[in-house]
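This is what each chain is made of:
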Amino acid sequence: MTETVERTGGPAIGRPIRRKEDARLLTGRTNWTDNIQLPGTLYMSLLRCPMAHAKIINIDTSAALAAEGVVAVYTGKDFPELPGSTCVWPVTDEIVMSHFPAICLDEVKFGGDVVAVVLATEKYLSVDALDLIDVDYEPLPAVVDMEDALKPGSPLVHSDKGTNECYVAKMPCGDYEAATVKADRVVKRRFINQRLIPSPMEPRAVVAAPMGMSDEITIWTSTQIPHVLRVLLALLTGIPENNLRVVAPDVGGGFGAKLQINREEVLAVVLAQKLGRPIKWTETRSEHMVGTHHGRDQIQDIEMAVMNDGTLVGMKVDLLADMGAYLQIITPGTPLLGMFMYSGIYKMEALDFTCTGVYTTKTPTDAYRGAGRPEATYAIERIMDEVAFELGIEPLELRKKNWIKHEEFPYTQIAGLTYDTGNYEAATARALELFGYDELRAEQAERRAAGGPVQLGIGISTFTEMCGLAPSRTLGALKYVAGGWEHCTIRALPTGKIELITGTSPHGQGHETAWSQIASDIIGVPVEDIEVVHGDTGRAPYGMDTYGSRSLAVGGQAIKLAGERLVEKARIIAAHQLEVSPDDVEFAHGTYSVKGDPEKSTTIQAIAFEAFTAHNLPDGVEPTLSGESTVDPMDFSYPHGTHLAAMEVDTETGQVTLRKYVCVDDCGVQINPLIVEGQVHGGLAQGIAQALFEGALYDAEGNLLTGNMGDYLLPSAVDLPSFITDRTVTPSTTHPLGTKGIGEAGAIASTPAIINGVVDAIRHLGVNDVFMPASPQNVWRAIQTAQNGGAA
Amino acid sequence: MIPGAFDYVKPETVEEAVAALAEAGDDAKVLGGGQSLLPVLRLRLNHPTVLVDVSRVDEMRQVTDEGSSLLIGAAVTTYEVMHHEGIRAGVPLLSMAAGEVADPAIRHRGTFGGSCAHADPAGDLPTIARVLDAEFVIAGASGRRTVSAADFFLDFFTTAVGLDEVLVAVRVPKLGAGWGFDYQKFHRTAQAWAIVGVAAAVKVDGGTITEARVALTNMGAGPIRAASVEAALTGGAATADAIAAAAASAADGTSPTTDTHADAEFRKHLARVLTKRAVSTAAGL
Ligand SMILES: Cc1cc2nc3c(=O)[nH]c(=O)nc-3n(C[C@H](O)[C@H](O)[C@H](O)COP(=O)(O)OP(=O)(O)OC[C@H]3O[C@@H](n4cnc5c(N)ncnc54)[C@H](O)[C@@H]3O)c2cc1C
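Procedures and definitions
- Residues numbered from 1 in each chain as written.
- Chains lettered and ligands numbered in written order.
- Predicted model: local features only at pLDDT ≥ 70, side-chain atom pairs only at ≥ 80, totals over all residues.
- Heavy atoms only, no water.
- Helix = DSSP H or I, 4+ residues; strand = E, 2+ residues; numbered from the N terminus.
- Rg over C-alpha atoms; globule rule 2.2 N^0.38 Å.
- Buried < 20%, exposed > 50% of the residue type's maximum accessible area, 1.4 Å probe, protein only.
- Contact = heavy atoms within 4.5 Å.
- Areas by Shrake-Rupley, 256 points an atom, 1.4 Å probe, with all protein chains shown as cover.
- Lys, Arg positive; Asp, Glu negative; His and termini not counted.
- Charge placed at Lys NZ, Arg CZ, Asp CG, Glu CD.
- Near = heavy atom within 4 Å.
- Polar contact = N/O pair within 3.5 Å; in protein donor to acceptor, adjacent residues only side chain to side chain.
- Nonpolar A, V, L, I, M, F, W, Y, C, P; charged D, E, K, R; others polar.
- Buried area = accessible area lost by both parts, 1.4 Å probe.
- Salt bridge = Lys/Arg side-chain N within 4 Å of Asp/Glu carboxyl O.
- Pairing = 2+ DSSP bridges.
- Axes fitted to C-alpha atoms, helices over the stretch in contact; angles between N-to-C directions.
- Phe/Tyr/Trp six-rings, centres within 6.5 Å; stacked < 30°, edge-to-face > 60°.
- Patch = residues over 30% accessible without salt bridge, like charges linked within 9 Å, V, L, I, M, F, W, Y side chains within 5 Å.
- Core = buried A, V, L, I, M, F, W, Y, C linked by side-chain atoms within 4.5 Å.
- Expected span 1.5 Å × (residues − 1).
- Domains from an automatic or database assignment.

Q: Describe the overall build of chain A, with residues and values.
A: For chain A, the count of helices and strands is 19 helices and 28 strands. The C-alpha atoms of chain A give 28 Å as radius of gyration, which agrees with the globular expectation for 792 residues (28 Å, within 12%). In terms of principal-axis extent, the alpha carbons of chain A reach across some 90 × 70 × 45 Å. In chain A, which comprises 792 residues, the proportion classed as buried is 63%. Once local pairs closer than 6 in sequence are excluded, the contacts in chain A between residues at least 24 apart make up 79%. In the form shown here, chain A has an accessible surface area of approximately 27,400 Å², with 52% of it arising from carbon and sulfur atoms. For chain A, the distance from the average site of its 63 positive side-chain charges to the average site of its 101 negative ones is 1 Å.

Okay, structure coming up:
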């Protein structure tokens, strides 16, 4: 049940209202793409190659074509030019781009690449026919290891390009060489940010159908980006954009995996147009593991130049980033989304950043919750612990010594970003209090002295991140092809109900509730009278969709402005009705009243009806009541926080247990603290899962070894403790509502907190790193290696 | 994924089930709870033409107390094994291990017999059957036979149950007075299979271990008895040092697999550590 927010009971913003959408979601009254049933549908299934790299010698589709229910079978020869995806972010002038075919023509480049497509009248028959297609492959050498891939003589992923190096991006800030000269010492580490498989609960799915009454094709697809997708589908298929309508119905999670244009979507649209029938495809979990883009996958060589007193002088970041076999929507840009974040919350004189993108014969990588910023946060927060260890300084003290003090904001950091606000002291103080830091440190010392098998470690992560990617001008300067604006239209319907049309596209974030809360305060109607319309280029034509914690950070600004414009238009009509000048009309809680004569009043609902009948409008005022805004924000959004983890490590078995997790986040003003809480919990689970459970593994031939959930481990609720969370509130000064993004914070901050805690528990055994995930075997082996001499 | 097409029959007696298998020939499969078989079918690793669902065969859903043993029907679910009062009282080690299997949803469907017949080397219940010297009652066209645990588990996913046979029930001896036991399951997430598991049961008399049984999960092609550990423990002191010394040979002669969770070397190490812990707990230390 949705709690009612009284119109007169104070602001809706800030209330922990239960989500409007949940009753529907929890009782199964949802409209997932796979639930959409259209008459005459053909079911699409895809034959995926079973090896990483091979030439296609021959494909025999005759038996499949003859099979029951099969209407068509296509191979690359039928669509030799058709791209299956595209990259909108060529990050350097010299970047080596790649063509991602909708169906492979003569070569497959990763396990799961598509070689044939079956259309059949039934879903099961479609899959049965895949077994009847005979493909002759001539295996080619796989390219698995990034460092090997860059060596001369390595086999090539794209033989026509002559190299596996996709790009080298550099961003030198300050003079790192000078920093090393000035510094007392340079601490160097190599960190591995492993490959992850996003795994939203709802796999991808698409239905594309010609709508009959026009040339329109409607595409229902489980996507985060209906608006961007519409543009890209038009560009890739040649179908005029005005003939494409993209609908994102209920979408069961995305985490970046649905921030994409996929070959299945391209094929569904093209085949729907070609055959004039609805085409439907739903991903299986096994397909998801290989066929939907992966995340992370970086080798990070990090150097920190420091003074002996702990003062940071300069940092060097040298990344190898695995692109996989092809570039998809923002594959090359994803590691660079972290470029500005390597200095974290700390002051330093130099930051020398280099990233080399590398092609391998693996599933393409792309955005995954946090996209670039988790990698950066991992590097800086891990190296801070290593510096603390090398200098013999308590890790929290090292952080305090170097972080930006609250009175120093706004602060322009070494990479050139200006953090508008922050209060690292306050968040840290609260976190320490909730955690019982000193008691746990004492227990750690006791356990170490006693020498038992289970040791205790404390992991710290004092992070910040940049989200709400904008302004558009900045994105353009970074060679990103699209903008960073967002749109909102608020319509007062004749009956006084409100339609809030947003360009953001929620897939679990609770926008329907949160956006209603914002609009409720601005236009003074109850939350339950506001219907949020989203995820449909037909009903919500303008938008840049949902990713990068941008929806509130950017879209929230448009809601506010659209609401204010509506209120202003209604004020003019109200003044006319009340026979006073607009300046003499006050507006509060949905009611316009005459200053000094509050008995003379009218409501916004009444004005909506007046605007509809248009019987008595002032001269020059057009009928209908709505407000509209497209906002290009001033700056990014910089949430921050302090995360603390108490980790127990069984040194005999390597088993790691997360005993206690405390986080205090600062996302500025909270529209709905309950939703914030949900975002934090989910983010923590994902970030902790990277640290402890998840990891895509390939063998030397490039076969994915973790192709199911028995091998690719995701935690469930029982594998995680109850999180202890709180917030400090330092309002953003660049966002008119004072809010900052919170969608990715948990995932960004928690991974280094966990690994710092694991390493801290076994540091006395000589360990200074543990490969992620910190599985029992990885932890045990780190201890063994350290005990036998070299550090892990 | 989506399985290939198959026929489905649901017999009500063991004899009907056996007849259905005989009629279908080599391509038939018995369906228990389906928690292992359906994933196999969905991944298209097997293409049976007929599934013979034994989940409603009444005889196979019974638990009978035979005095010194329990006869547990093959179609009794893992959930029932965990909670059935007679099983909890008679063979508590089995109930304890059942609680370690997968998650509640899977335990409600998966069966004791299916788990044994499937014979995944990482399965928990086969190890308990092995450590308790259970007997397996198998029915075929020529009647019924009984096979000991030592002869039941033949290889990876292979048991003494023939293609045309049904596992009807498992006879599990009770340990009786004076025994202590433990099952140490080592895994990464709560619902995951064992990387290694160790079941131990020891009888302690006046500080001496008079009888010892130890069986290992996922240390070879099937559940293995750690004979050298048992021999080293028997007649020895029930002390931490003696147990640790005995446990050191737990991995001797084993050939565990290497997979994404652990390699063979780490599994051997775990077998030693977990044996020490399981025996210590069983001995009341
Ligand atoms: C996610 C997941 C996690 C799991 N984790 C664990 C775990 O931690 N530990 C564990 O032990 N198990 C685990 N399992 C397996 C689970 O316990 C299975 O239920 C069990 O192994 C098989 O039992 P079933 O009744 O489902 O058999 P089915 O899947 O129905 O059958 C399995 C095999 O046994 C045969 N069979 C079944 N019954 C008979 C019979 N009466 N006679 C002859 N043949 C028969 C079938 O033909 C088939 O070959 C897990 C399963 C899943 C899906």
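Q: Residues and numbers for the site of the ligand, please.
A: Residue and element names in this part refer to chain B. Near the ligand you find 28 residues, and of these Val-30, Gly-34, Leu-37, Thr-111 and Lys-185 are the closest. A distance of 2.5 Å separates an oxygen atom of the ligand from a polar atom in the backbone of Val-30. Protein contacts shield 90% of the accessible area of the ligand, which totals 960 Å² for the unbound molecule. Those elements that provide at least two residues to the shell around the ligand are β2 (28–31), α7 (112–118) and β10 (166–173). In terms of residues, the shell around the ligand owes the most to one element, α7, which gives four residues. For the shell around the ligand, a count of residues per class yields 13 nonpolar, twelve polar and three charged.

Q: Could you give me a rundown of the interface of chain B and chain A, with the residues and numbers involved?
A: Across the contact, 23 residues belong to chain B and 29 residues belong to chain A. A combined buried area of about 2,300 Å² lies between chain B and chain A, and 56% of that area is made up of carbon and sulfur atoms. Together, B:Ile2, B:Arg188 and B:Thr260 form the three largest contributors to the area buried by chain B at its contact with chain A, with a combined 28%. B:Glu265 is the partner of A:Arg781 in a salt bridge, and the nearest nitrogen-oxygen pair spans 2.8 Å. For the interface between chain B and chain A, the tally reads 16 residue pairs in polar contact (both at pLDDT 80 or more). Top element by residues in the side of chain B that touches chain A is helix α12 (residues 264–282) of chain B. It accounts for seven residues. Grouping the amino acids of the side of chain B that touches chain A by side-chain chemistry returns ten nonpolar, seven polar and six charged.

Q: Would you mind going over the pattern of salt bridges in detail, with residue names and values included?
A: Residues and elements named next belong to chain A. Using the criterion set out here, one finds 69 salt bridges over all chains in the structure. Between Arg-245 and Asp-536 there is a salt bridge, with its nearest N and O atoms 2.7 Å apart. With Arg-245 in strand β11 (residues 244–247) and Asp-536 in the loop between β21 (530–533) and α15 (551–578), the pair connects residues that are 291 residues apart, well separated along the chain. Residues joined in a network through salt bridges with shared partners are Arg-185, Arg-189, Arg-382, Glu-386, Glu-390, Arg-763 and Asp-769.

Q: I'd like a rundown of the sheet that holds strand β26 (residues 640–650) of chain A, residues and numbers included.
A: Sheets are built from strands paired through backbone hydrogen bonds, the pairs being either parallel or antiparallel. Residues and elements named next belong to chain A. What the four strands build is an open sheet, ordered β18-β26-β27-β28; its pairing is mixed. Edge positions in the sheet fall to β18 (454–464) and β28 (724–727), since each has one partner strand and no second. Ignoring strand direction, the axes of neighbouring strands in this sheet form an average angle of 10 degrees.

Q: Give me the lowdown on the packing of aromatic side chains, citing residues and values where you can.
A: Counting across every chain of the model gives 17 aromatic pairs over all chains. Geometrically, the ring pair formed by A:Phe100 and A:Tyr326 is stacked, given 4.4 Å between the ring centres and 5 degrees between the ring planes. Residue A:Phe100 is found in the loop between β3 (70–75) and β4 (107–108), and its partner A:Tyr326 is found in the loop between β14 (312–324) and β15 (350–359); the two are separated by 226 residues along the sequence. On the numbers, 4.9 Å between centres and 85 degrees between planes, the contact of B:Phe152 with B:Phe153 is edge-to-face. For B:Phe152, a relative accessible area of 0% gives the class buried. Assessed through its relative accessible area of 12%, B:Phe153 is described here as buried.

Q: Could you give an account of the sheet that holds strand β3 (residues 50–53) of chain B, with specific residues and numbers?
A: Residues and elements named next belong to chain B. With respect to topology, three strands assemble into an open sheet ordered β1-β3-β2, the strand pairing being parallel. In this open sheet, the two strands that pair with only one neighbour each are β1 (7–9) and β2. Taking the axes of each pair of neighbouring strands and ignoring which way they run, one obtains an average angle of 25 degrees across the sheet. Direction of pairing for β2 relative to β3: parallel, over a ladder of four bridges. Residue pairing across strands places Lys-29 opposite Leu-51, the latter belonging to β3.

Q: Lay out the side chain of A:Asp665 in plain terms, naming residues and giving numbers.
A: Residues and elements named next belong to chain A. Within the fold, Asp-665 resides in strand β27 (residues 656–666). For the buried Asp-665, no salt bridge exists, and the shortest N-O distance to an oppositely charged side chain is 5.7 Å, to Arg-727. A distance of 3.2 Å separates the side chain of Asp-665 from the side chain of His-643, its partner in a polar contact.

Q: Which residues make up a nonpolar patch on the surface, and what values go with them?
A: All names here are of chain B. Side chains of Met-1, Leu-43 and Leu-45 sit close together on the surface and give an oily, nonpolar patch of about 280 Å² of accessible area. Along the chain, Leu-45 falls in the loop between α2 (37–42) and β3. Since its relative accessible area comes to 64%, Leu-45 is described here as exposed.

Q: Summarise the nonpolar core; cite the residues concerned and give the values.
A: Formed by 175 residues in total, the largest nonpolar core has its most connected members in A:Met44, A:Ile133, A:Met304, A:Met315, A:Tyr661 and A:Ile754. By residue number, the principal contributor to this core is helix α18 (residues 745–762) of chain A, which donates ten residues. Ignoring any residue separated from it by four or fewer positions in sequence, one finds A:Tyr661 in contact with A:His643, A:Leu644, A:Ala645, A:Leu684, A:Ile688, A:Phe723, A:Ile724, A:Ala749, A:Ser750, A:Ala753 and A:Ile754. Of all hydrophobic cores here, the second largest spans 58 residues; its members include B:Cys116, B:Ala119, B:Ala169 and B:Val170.

Q: For α12(B), give the residues involved together with the corresponding values.
A: Look at α12(B): 26 Å from first C-alpha to last across 19 residues, which is about the 27 Å you get at 1.5 Å a residue. If you check which residues of α12(B) are buried, you get B:Phe266, B:Arg267, B:His269, B:Leu270, B:Ala271, B:Val273, B:Leu274, B:Thr275, B:Ala278, B:Val279, B:Ser280 and B:Ala282. At its buried positions, α12(B) is contacted by α19 (776–787) of chain A together with β11 (179–186), β12 (196–205), β13 (208–217), α10 (227–233) and α11 (240–247) of chain B. At the C-terminal side of α12(B), B:Gly284 shows a positive phi close to 80 degrees.

Q: Please give an account of the domain arrangement of chain B that cites residues and values.
A: Interfaces are often sized by the amount of accessible area the parts lose when they come together. Domain parsing of chain B yields domain 1 (7–53), domain 2 (58–173) and domain 3 (179–282). Centre-to-centre, using C-alpha coordinates, domain 1 of chain B lies 35 Å away from domain 3 of chain B.

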